[in-house]
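# Coordinate analysis (summary)
As a plain string of letters, each chain reads:
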Amino acid sequence: AKAARRRRRGEGGAAKAKATARRRPSRGAGPAGNQQGFFASRPAGRCAMDAQVIQFDEGWSQIKSAIDQLIEILWTPGKKRTALFTPTQYMEIYTICYKMCTQRSPLNWSQQLYQKHSDTIEQYLRDKVVPVLKEKRDEFLLKEMVLRWRNHEIMDKWMRKFFIYLDRYFVKHNSIPTLHEASLNKFRALVFDEVRTEFVSAIIDQINKEREQEVVDRDLLKRCIAIFGHMGPALCVYKENFEGVFLDNTREFYAAKAQDWINQDTLPAYLIKAEAALHAERERVDNYIEANTKSSLVKVVEDVLLAQHERTLLDKEGCNLRTLLQDDKKEDLSRLFRLFQNVDNGLPPIAAITREHICSLGEEVVARRESAMAAAKTHKEKEALDPQFVQSLLDLHDKSEQLVSEQFQNQSYFQRALKEAFESFVNKDLGKTSSAELISTFCDRILKTGGAKLSEGDTEQYLEKCVRLFTYLSEKDLFSEVYRNQLAKRLLMGRSASDDTERSMIAKLKSRCGAQFTSKMEGMIKDLFTGNDLKKAFKEMARTDPEQLLPSSEGHTLSDAGPSDMIIVDGIEFGVEVLTTGHWPTYKQVDLALPEHMVICTEVYKRFYEAKTQHRCLKWVHSLGSAVVKANFKRNYDLQVTTLQAVALLAFNATNDWLTFDAVVAKINVDPEVAKRILHSLSCAKHKLLLKEPMSKSINRTDKFKVNDNFQSPMRRIRIPMASLDESHNAKRVEEDRSNAIEAAIVRIMKARKTLSHRELIGELFKQLRFPVTPADLKKRVESLLDREYLERDEADRDTYKYLA
Amino acid sequence: YCAPGEDDIGLDGMMRLCADLGVEPEDPVMIALSFVMKAENLGYYTREEFMRGMERLGCATIAELKSSPVQTRLRSLLAPDNSHFYELYKFAYGWACEPAQRSIAKDVAVRLWPLLLRPLGFPLLDSYLEFVAQSQGRGVTRDLWIQFYQFVLQVMSGRLSLDRYDSESCAWPVMIDDWVDFAKQHNLIGAVKGRAMDEG
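Bear in mind that the values here come from a model prediction, so they are computed numbers and not experimental data. (Residues numbered from 1 in each chain as written. Chains lettered and ligands numbered in written order. Predicted model: local features only at pLDDT ≥ 70, side-chain atom pairs only at ≥ 80, totals over all residues. Heavy atoms only, no water.)

Looking only at helices and strands, one finds 31 helices and twelve strands in chain A. Here chain A has a C-alpha radius of gyration of 51 Å; the compact-globule value for 805 residues is 28 Å, and the former is much larger. Expressed as a percentage of the 805 residues in chain A, the buried residues total 45%. The contacts of chain A with a sequence gap of at least 6 include a subset with a gap of at least 24, amounting to 70%. Total accessible area computed for chain A in this model is approximately 41600 Å², and 49% of it derives from carbon and sulfur atoms. Looking at charge distribution, chain A has the averaged site of its 127 positive side-chain charges lying 7 Å from that of its 115 negative ones. (Helix = DSSP H or I, 4+ residues; strand = E, 2+ residues; numbered from the N terminus. Rg over C-alpha atoms; globule rule 2.2 N^0.38 Å. Buried < 20%, exposed > 50% of the residue type's maximum accessible area, 1.4 Å probe, protein only. Contact = heavy atoms within 4.5 Å. Areas by Shrake-Rupley, 256 points an atom, 1.4 Å probe, with all protein chains shown as cover. Lys, Arg positive; Asp, Glu negative; His and termini not counted. Charge placed at Lys NZ, Arg CZ, Asp CG, Glu CD.)

In structure tokens:
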């Protein structure tokens, strides 16, 4: 068109110059005056390119005929919609329009043309389009609308093309809507608004049909929704007219569905349907709804299907959450979690039921143990129940952890549910032995030689699991006490399977409870470690300076021969293990009367130790010592015994006669209770080294003992075990430690707060103390501190305490 | 009254003194007398204490000490509504302690309490004393001594209700907590309620 224009300009340059609208087109309509004089005849088929002025009616009638043509094409179905005008045709109309807009006032027809543009569209829409639309319903309405809109787009395009000059200057300078805006407004006001309600409901009907599994024309729906977008900027028309209605409708639809499903379906079936519905709705949006609506839509469906009915669903008769948990329905549980994850407060009720479930399983384990304990007759049967119990707890923990991590994605509510559940039944009263003890003993079996036979990986795993179980204990200090005693035994009797494993276990406990908790345990291991250096030094001294250890004037011999941790005194190999008091449990003091040659050994060591250290005092713990006694019963045997047993046996060297119980007691200087244990192991157990009269199974003070000359055994080296003298732990000590801890806490709190009411103090203590206490326990400690004048009561208010510096 | 060679009035002297005054050794008036003397320990008086007491009472002879105005004055100190009673009560504890001890033995407390608290008219006093006597533990702390008096006052005035007694929130000594439990179990509380209502 530009090229054509240029050509034409060339042709009638001068004349054109006059008519050229380099000046502004004037407002107001020019008089439609007598056109005869100015009208140039137009050669048919060719654009008039001359200085002739165009009158309004004339120009308009030409333009109008083109528009009519356009309308006719649009109105006739089946006609092709592209390239409706040839470039030549187009240029003709354009030029007329152009000229009419650039003529000098009063012949400048911009205003009129602008008006005509608007009016034509309006007329077309009102007279032709709307009536047709209003006849239609449902899907037909939708189709018609899409068609009419498409047509309008084409119409708008051509109208714009024809009248484009108006857009450039007239519109701009007068701040009025552009041609496009004007035509859109017409469409919206005359067509869209007229049928809007029916349009929206027709769409929604289709959607509901699709929801009921009927096939609908998605493409049609997509186009319909797109129309909303065209009707106004930023989807405002869409939001105002469609979205709200759509969401409300969705809500109604699914509310009804929910009712049906609740009545007919089990929980898992309901969930499957809900999930499918959500999926369908999401997919619907992806396909033909505006993407912005997705999140609100999903929220509506989630609310109606899930949030509103959560309680009913979870507690449904027949198959509900509890049954799913009991039957381990993994997929259903995962689905439940997935769906309720997005619902506000959807997860806590599920977590609560899960906790109850785990609790009840745990309580079952405890109940089983109780009934098994009641039913078990022998001591051995009862003992076997202990590891079984711990194993059941570990298994339950594994299973629960798996549930939480697999089905519930380790979400925090569920982790807490697991923790609370375990804390509740792990601390249940089991009678004589507490869970703390049982778990520690379980670990003991793993850690000692000859205990459970596990690979290194398995050991590590088991210990890790035990530590996790340990974290649920409220009486952790009791565990520590028991564990310490067992650790000591393992270390001193050389029964620890692996040093590394011991350290690793302590490290685990340390990371859970802090260094103070494990400091004594670490101290024990360290003692043995430094003990090695001490042993080397002892041997060294025996080698380099035996005089200092054993003056030869006393007529004894000493040599540094023998194993690495022993020396030889008078033919007796002997070695010492030094323990730091405070790290180790307290052991029963036994003032054993050692035979002379053993006394010499202890004195040798004492001299060494005093030379090596200062300000230390050695206390012999004979109850922990061991010995190998060479015995001759018809042939030689090596008897592995405890020091106590050794001394008892040696007492029989003096005579071949019967010795009474009391005589033995007097000779070796032990408590009768201790003597009973010693003599029992030597006369009533598997290897009867001593004869007893009478031959009963237990030791009485009236018994008599004699060496069993007829003793024999196929083995040369025999171990004679003895019952332990000490309790598995010192319960009194645990009590004492707790009392001290409470008092320390009271002093600490009162020092900081200076004045505190009784109730507040008790509250603070409950927060700070790490083991179970009753208010009465705390009161007793307060009273003790009152008496010792750490605290006093306030003069004015006897319920308040004051700190006494 | 001193023993020969001693400067203090010992047990024998005490017995004679009591006889001369015409009172039993366990008469509470002796406590009042000790209080006035600011005697340090039960069972004997030092010269200083004796002199101090006589002076404060304005007596120069035993006869004057025995006279009724003086006796009345002494006894009045034992009346619970006397403003000095609390002082005397607190004094009695320290006085009853063995020398260099901080607390008194249980059986001493059980004998001393009624001497001072009987006039208050607490109906369950005997039950309490019995309970203390057969409880564990060797002594009665000063705190318990003082707090029990407060306890009785509050119960008698109706300020403290034994029905709604809450051992966890109140800071009464554990002995009292335990006794209240005991009393509840044996349905003894009723006696107090009635009495308190009469008074209040």
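And the narrative resumes.
It is worth spelling out the sheet that holds strand E7 (residues 690-693) of chain A at this point. As a general point, the strands of a sheet are linked pairwise by backbone hydrogen bonds and lie either parallel or antiparallel. All names here are of chain A. The three strands are arranged E6-E8-E7 in an open sheet whose pairing can be described as antiparallel. Single-partner strands in this sheet number two, and they are strand E6 (659-660) and E7. Pairing of E6 with strand E8 (residues 704-707), which is carried by two bridges, proceeds in the antiparallel orientation. From the neighbouring strand, threonine 660 faces E8, where its bridge partner is lysine 704. Where helix H28 (residues 672-683) meets the sheet, its contacts fall on E7 and E8, and the angle it forms with E7 comes to roughly 110 degrees. (Pairing = 2+ DSSP bridges. Axes fitted to C-alpha atoms, helices over the stretch in contact; angles between N-to-C directions.)

The subject of this paragraph is the interface of chain A and chain B. Listed per partner, the contact involves 14 residues of chain A and 16 residues of chain B. Each partner contributes to the roughly 1300 Å² buried at the junction of chain A and chain B, and carbon and sulfur atoms together form 47% of this total. Considering only the surface of chain A that becomes buried against chain B, A:Lys779, A:Asp787 and A:Arg798 emerge as the three largest contributors, covering 43% of it. Taking the shortest distance from any N to any O, the salt bridge between A:Arg793 and B:Asp143 comes out at 2.8 Å. Our count for the contact surface shared by chain A and chain B stands at nine residue pairs in polar contact (both at pLDDT 80 or more). Sorting the residues of the side of chain A that touches chain B by element identifies helix H30 (758-768) and helix H31 (775-787) of chain A as the ones contributing at least two each. With seven residues, H31(A) is the largest single contributor of residues to the side of chain A that touches chain B. (Buried area = accessible area lost by both parts, 1.4 Å probe. Salt bridge = Lys/Arg side-chain N within 4 Å of Asp/Glu carboxyl O. Polar contact = N/O pair within 3.5 Å; in protein donor to acceptor, adjacent residues only side chain to side chain.)

All names here are of chain A. Here the residue pair glutamate 693 and proline 694 is connected by a cis peptide bond, since its omega of -5 degrees sits within 30 degrees of zero. Despite not being glycine, serine 175 shows a phi value in the positive range, around 50 degrees. In this fold, serine 175 is placed in the loop between helix H7 (164-174) and helix H8 (179-211). For serine 175, a relative accessible area of 67% corresponds to the exposed category. The phi angle at asparagine 410 is positive, at roughly 55 degrees, despite the residue not being glycine. Along the polypeptide, asparagine 410 turns up in the loop between helix H17 (379-407) and helix H18 (412-426).

Okay, the pattern of salt bridges next. Pairing is possible between side chains that carry opposite charge, provided their charged atoms lie close to one another. All names here are of chain A. One pass over the structure, following the stated rule, counts 65 salt bridges over all chains. In this structure, lysine 64 and aspartate 68 form a salt bridge, with 3.3 Å as the shortest nitrogen-oxygen distance. Residue lysine 64 and its partner aspartate 68 are both found in helix H3 (residues 56-75); the two are separated by four residues, about one turn of the helix. By relative accessible area, which is 30% here, lysine 64 ends up partly exposed. With a relative accessible area of 36%, aspartate 68 lands in the partly exposed category.

Here we take up the packing of helix H7 (residues 106-117) of chain B against helix H8 (residues 125-133) of chain B. All names here are of chain B. Viewed as axis vectors pointing N to C, H7 and H8 meet at an angle of 170 degrees, and their least axial separation amounts to 9 Å. Relative to H8, the element H7 is oriented roughly antiparallel. Facing H7, whose interface residues are Lys106, Val110, Trp113, Pro114 and Leu117, H8 presents Leu125, Tyr128, Leu129, Val132 and Ala133. Class assignment of the residues belonging to the contact of H7 with H8 gives a composition of nine nonpolar, no polar and one charged. (Parallel < 35°, antiparallel > 145°, perpendicular 65-115°, else oblique. Nonpolar A, V, L, I, M, F, W, Y, C, P; charged D, E, K, R; others polar.)

These figures come from the coordinates and say nothing about function on their own.
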